[in-house]
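# Residue-level structure breakdown
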Amino acid sequence: MSNFIKTYVQQEKINRRNLLLATAAGLTATAMPRAFGPGAAMADSGGWALAWSYRDRASAYWNAIVSGGEAYTESLGLKKEDMTNLINEGSSEKSLADIKAFLAKNGGKAAIACDANDSPNARPVAEAVRDAGGYISTIWNKTDDLHPWDIGDNYVAHLSWSGEKPSAEAAKILFDAMGGEGGVVHLGGIPANIPAIERLNGLKVAMKDYPKIELLDTQPADWDTTKAAELMSSYLTKYGDKIKGVHCANDNMAYGVLQALKAEGINLPVTAFDGNPEAVDMVMKGDLLATVFTNPHWGGGIALALAHQAAIGKFKPSEEPNEHREFYGPSILVTKADAENFKKTYLDSTPKYDWTDRWGLSAGQIVYK
Amino acid sequence: MTRENLLKWAPVLVLIALVLFFSAINPNFLSLRNFARLSIAASPALMVAVGVTFIIVMGSIDLSMEGAVSALAVIFCYMLVWLGGSVAGLGLLAVPATLLLGLGVGAINGLIHVRLRIPSFMSSLAMGFVGTGAAVLMTGGNIVKIDDEVFRALLTYRMLGFPLMAYVALGFLLLAWVIQSYTRLGRNFYAVGGGEDLAHASGVNVKRVRVLGFALAGFFFAVAGLLQVAKLGQAESVTGSNLMFISITSVVVGGVALWGGIGGVWNALVGVLIVSVINNGMIVIGIPDFIQDGLLGVLVIIAVILSTDRRSVAFVK
């Protein structure tokens, strides 16, 4: 190929990419007129536009995250609509394009909380925010080698949840209900997801204290209720009466497991993870043995609060210790004994948090293995 | 056995071979209890596959199933709760209402495709997104639970070892077979799929047939939605997820040609059973999870090679 053609092809490729990016940004802009309109309300946020960037509205979990962001926004005397929802629909490209568009429209004066959708996407997102002069906190997804203190004050903090310890606690409750012996099956999340890996590890850690427990099988059901029901049925065919307990990596899969068991009139102890309202009801009824609550409302609120408070100068991130810039959120084990109390405190009415108590619920600095 | 006969029965032979293969490795596979489990997994998927079969026979495609099933399942649950929460009472009305709604949604799907002249691939896919969006909007991301033991008898009540929902699915399969074989509409699907111009020239109102086909598909998606609720006791915006892959794959594996005019609802049944048997069998014989997806893909290709007559077509697009 001649050099001329090569250059031409490369140029066209770049042009096409720019066009795509511009289109994506344009679409986002039209979809969010409210965010880009002249915001009278912005005065109350010190002139900073607020946004939460996340996957979708189709799960109780993300809705709880968003409710926390909205609660923080309201605590500033704004309306909850003043926080912009940047929904990435599971696309890292859209996540980045939306955030760039939001920064551009607000001249960089933006405080953003974000789950970057996948780990590698956290770096370009954080760099885009830094280059535009905005402030960002991230949750869940980020590569191990990316740290807020390496990017600077604009990358305020990263928040995650350790799956291992609470998952181990749930497993121990399961093993005790089984009388300390017998076969266990595990239903896992999407294999490469960090929480899926950690929650399975938790089960394995707990097994060390229970030598008579046998882990029969672990398979992914991709966090999905239907897939979990089918996987549980297949487990029953394969292992039959050997199964004495079921350990699920989230609530949604536990719902499927319970239905697969119901179909055959089988009763087995089952534990779950996430602490969704339906799961807590099931714990109260005794259908589920335990679930783990990670307080997504607080997580969603504090992530946005940190970004915004750094933006308006309430604190300077670089003056904080590392444990304030990469930390775990809280986890609460919910069992039948405390389910009722838990429901009253956390679900029936949402607790009011003091968003200036920035690290009050932190469960310590993130540890890398 | 002639070549033609062999081709006709090839999908069934593939199914039998798979069952024998999995049973040889783990005898538990070949048990009534496992077949009952398979029937629970397969019933909703079968209804979707039957619905889409009519469309594929016409040479079109309907990809709205995931959104349609989610939205219809959610609407059904809300109606049932609103009407008292049990199909033993007024709640029973929610069943025909959902089926009619499915018919209507399908008809709209068809009208958009025919009237606005948008290829069915695109129009139905877009309608599917509308359905998912509607389900998200209605539920706000939450789950609608159905605890009605009478309705849940579809899952829990057994006759000859099989749950009631398997018989319901079988009943609707027979209905589909009657429509396909003994009605003018059924024959018109084949006429349109075999050669649209020819059908038009012979006086078939092709547009009408298309709209009716999509309406019929919507009806079966509604049945799938009901069975999905019966199976899981809940509906949410992702209730219909994964049904696209399993239904389209099943129809093709079962021997229905994507270019139209060939195959029918029995092929859909065999196809759904093949895919369900592969999914269940891989776990039962202990294939490691990280190669299951890849193996499913390979087995599907092999099944298509064995079960479709590719010699009769000049080229494949």
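Fair warning: this is a prediction, and the values are worked out from it, not measured in the lab.

Attention now goes to the overall build of chain A. Along its length, chain A carries 13 helices and twelve strands. Of all 369 residues assigned to chain A, the portion counted as buried reaches 54%. Looking at chain A alone, contacts between residues at least 24 apart form 74% of all its contacts between residues at least 6 apart. In the form shown here, chain A has an accessible surface area of approximately 15,600 Å², with 52% of it arising from carbon and sulfur atoms.

Okay, the overall build of chain B next. In terms of regular secondary structure, chain B is built from 13 helices and four strands. Computed over C-alpha atoms, the radius of gyration of chain B comes to 19 Å, within 12% of the 20 Å expected from 2.2 N^0.38 for 317 residues, which places it in the range of a compact globule. The buried share of chain B, taken over its 317 residues, is 54%. Working note: accessible area of chain B is about 13,800 Å², and carbon and sulfur atoms make up 71% of it. Within chain B, the 12 negative side-chain charges are centred at a point lying 9 Å from the centre of the 18 positive side-chain charges.

All names here are of chain B. A cluster of nonpolar side chains, Leu6, Trp9, Leu13, Ile16 and Leu20, forms an exposed patch at the surface whose accessible area comes to about 490 Å². The topology assignment puts Leu6 in helix 1 (residues 3–25). On the accessibility criterion, Leu6 (43% relative accessible area) is partly exposed.

To continue, consider the pairing of strand 5 (residues 155–160) of chain A. Residue and element names in this part refer to chain A. Among the six residues that make up strand 5, six are buried, leaving the element largely enclosed by the rest of the structure. With four bridges joining them, strand 4 (residues 135–139) and strand 5 adopt parallel strand pairing. Bridging from a neighbouring strand, Ser137 pairs with Ala157 of strand 5.

With that out of the way, let us pick up the nonpolar core. Note that soluble globular proteins tend to have their nonpolar side chains buried in a common cluster. Core analysis: the biggest nonpolar cluster contains 70 residues, and Met47(B), Val50(B), Phe54(B), Phe76(B), Phe151(B), Phe220(B) and Val229(B) have the highest contact counts within it. Of the residues forming this core, the biggest block, 15 residues, is contributed by helix 10 (residues 206–232) of chain B. The residues touching Val50(B), leaving out its near neighbours within four places in the chain, are Leu173(B), Ala176(B), Phe220(B), Val265(B) and Ala268(B). Residues Tyr235(A), Ala249(A), Ala272(A) and Ile283(B) belong to the second largest nonpolar core, which totals 37 residues.

We now examine unusual backbone geometry. Residue and element names in this part refer to chain A. At Glu89, a position not held by glycine, the phi torsion is positive, near 50 degrees. Along the chain, Glu89 turns up in the loop between strand 2 (83–87) and helix 4 (92–105). A positive phi angle, close to 50 degrees, is found at Asn295, a residue other than glycine.

What follows concerns helix 13 (residues 336–348) of chain A. With 13 residues, helix 13 of chain A should reach 18 Å at 1.5 Å per residue; the first-to-last C-alpha distance of 17 Å fits that figure. The largest bend in helix 13 of chain A is about 45 degrees, located at Phe342(A).

We now examine the packing of aromatic side chains. All chains considered together, the criterion is met by 23 aromatic pairs over all chains. By the ring-pair criterion, three or more aromatic residues cluster together here, those being Phe54(B), Phe172(B), Phe189(B), Phe219(B) and Phe220(B). Between the NZ or CZ atom of Arg199(A) and the centre of the ring of Phe273(A), over which it lies, the distance is 3.8 Å. Between Lys145(B) and the ring centre of Tyr255(A), over which it is positioned, the NZ or CZ distance is 4.7 Å.

Next up on the list: the pairing of strand 6 (residues 182–188) of chain A. All names here are of chain A. Across the seven residues of strand 6, six count as buried, placing the element largely inside the fold. Note that strand 6 and strand 7 (residues 213–220) share seven bridges and pair parallel. Paired with Leu187 across the bridge in strand 7 is Gln219. Note that the unit made of strand 6, helix 8 (residues 194–207) and strand 7 has a crossover that is right-handed. Judged from the five bridges that link them, strand 6 and strand 8 (residues 243–248) form a sheet pairing that is parallel. Each bridged residue has a counterpart across the sheet, and for Leu187 the counterpart in strand 8 is Cys248.

Bringing the pattern of salt bridges into the picture now. Residue and element names in this part refer to chain A. The tally for this structure, following the rule as stated, stands at 18 salt bridges over all chains. Residue Arg123 pairs with Asp145 through a salt bridge whose shortest N-O separation is 3.9 Å. Within this pair, whereas Arg123 is found in helix 5 (residues 122–132), its partner Asp145 is found in the loop between strand 4 and helix 6 (148–151), the two being separated by 22 residues in sequence. Classification of Asp145 as exposed rests on a relative accessible area of 52%.

Here Val12(B) is to be found in helix 1. For the pair Val12(B) and Val238(B), spaced 226 residues apart in sequence, the C-alpha separation works out to 32 Å.

Moving on to the side chain of Ser43(B). Mapped onto the secondary structure, Ser43(B) falls in helix 2 (residues 32–57). The buried category is assigned to Ser43(B), whose relative accessible area is 4%.

On the side of chain A, 31 residues touch chain B, which itself brings 37 residues to the contact. Summed over both sides, the interface of chain B with chain A buries roughly 2,600 Å², with 49% coming from carbon and sulfur. Looking at the side of chain B facing chain A, the largest losses of area belong to Arg37(B), Leu232(B) and Ile283(B), adding up to 23% of the total buried there. With a shortest N-O distance of 2.6 Å, Arg37(B) and Glu264(A) are connected by a salt bridge.

This part is about the domain arrangement of chain A. Residues and elements named next belong to chain A. In terms of domains, chain A is made up of domain 1 (32–161 + 296–329) and domain 2 (164–293). Computed from C-alpha coordinates alone, the two centres of domain 1 and domain 2 are separated by 33 Å. Counting from both sides, the interface comprises six residues of domain 1 and, opposite them, six residues of domain 2. Between domain 1 and domain 2, a total of about 440 Å² is buried, with carbon and sulfur atoms accounting for 61% of that surface. Seen at the junction of domain 1 and domain 2, the total is zero salt bridges. Residues belonging to the side of domain 1 that touches domain 2 are distributed by class as follows: five nonpolar, one polar and no charged.

Glancing now at the packing of helix 11 (residues 243–253) of chain B against helix 12 (residues 265–284) of chain B. Residues and elements named next belong to chain B. Packing of helix 11 against helix 12 brings their axes to within 7 Å, and their N-to-C directions diverge by 115 degrees. Here the hand of the crossing between helix 11 and helix 12 comes out right-handed. Seen from helix 11, the contacting residues are Ile246, Thr249, Ser250, Val251 and Val253; seen from helix 12, they are Asn267, Ala268, Gly271, Val272, Ile274 and Val275. Its residues placed into classes, the contact of helix 11 with helix 12 shows seven nonpolar, four polar and no charged.

Analysis parameters
- Residues numbered from 1 in each chain as written.
- Chains lettered and ligands numbered in written order.
- Predicted model: local features only at pLDDT ≥ 70, side-chain atom pairs only at ≥ 80, totals over all residues.
- Heavy atoms only, no water.
- Helix = DSSP H or I, 4+ residues; strand = E, 2+ residues; numbered from the N terminus.
- Buried < 20%, exposed > 50% of the residue type's maximum accessible area, 1.4 Å probe, protein only.
- Contact = heavy atoms within 4.5 Å.
- Areas by Shrake-Rupley, 256 points an atom, 1.4 Å probe, with all protein chains shown as cover.
- Rg over C-alpha atoms; globule rule 2.2 N^0.38 Å.
- Lys, Arg positive; Asp, Glu negative; His and termini not counted.
- Charge placed at Lys NZ, Arg CZ, Asp CG, Glu CD.
- Patch = residues over 30% accessible without salt bridge, like charges linked within 9 Å, V, L, I, M, F, W, Y side chains within 5 Å.
- Salt bridge = Lys/Arg side-chain N within 4 Å of Asp/Glu carboxyl O.
- Pairing = 2+ DSSP bridges.
- Core = buried A, V, L, I, M, F, W, Y, C linked by side-chain atoms within 4.5 Å.
- Expected span 1.5 Å × (residues − 1).
- Bend = angle between axes of the 7 residues up to and from the residue.
- Phe/Tyr/Trp six-rings, centres within 6.5 Å; stacked < 30°, edge-to-face > 60°.
- Lys NZ or Arg CZ within 6 Å of the ring centre and 35° of its normal.
- Right-handed = clockwise from strand over helix to strand, strands pointing away.
- Buried area = accessible area lost by both parts, 1.4 Å probe.
- Domains from an automatic or database assignment.
- Nonpolar A, V, L, I, M, F, W, Y, C, P; charged D, E, K, R; others polar.
- Axes fitted to C-alpha atoms, helices over the stretch in contact; angles between N-to-C directions.
- Left-handed = near helix turned anticlockwise from the far one by under 90°.

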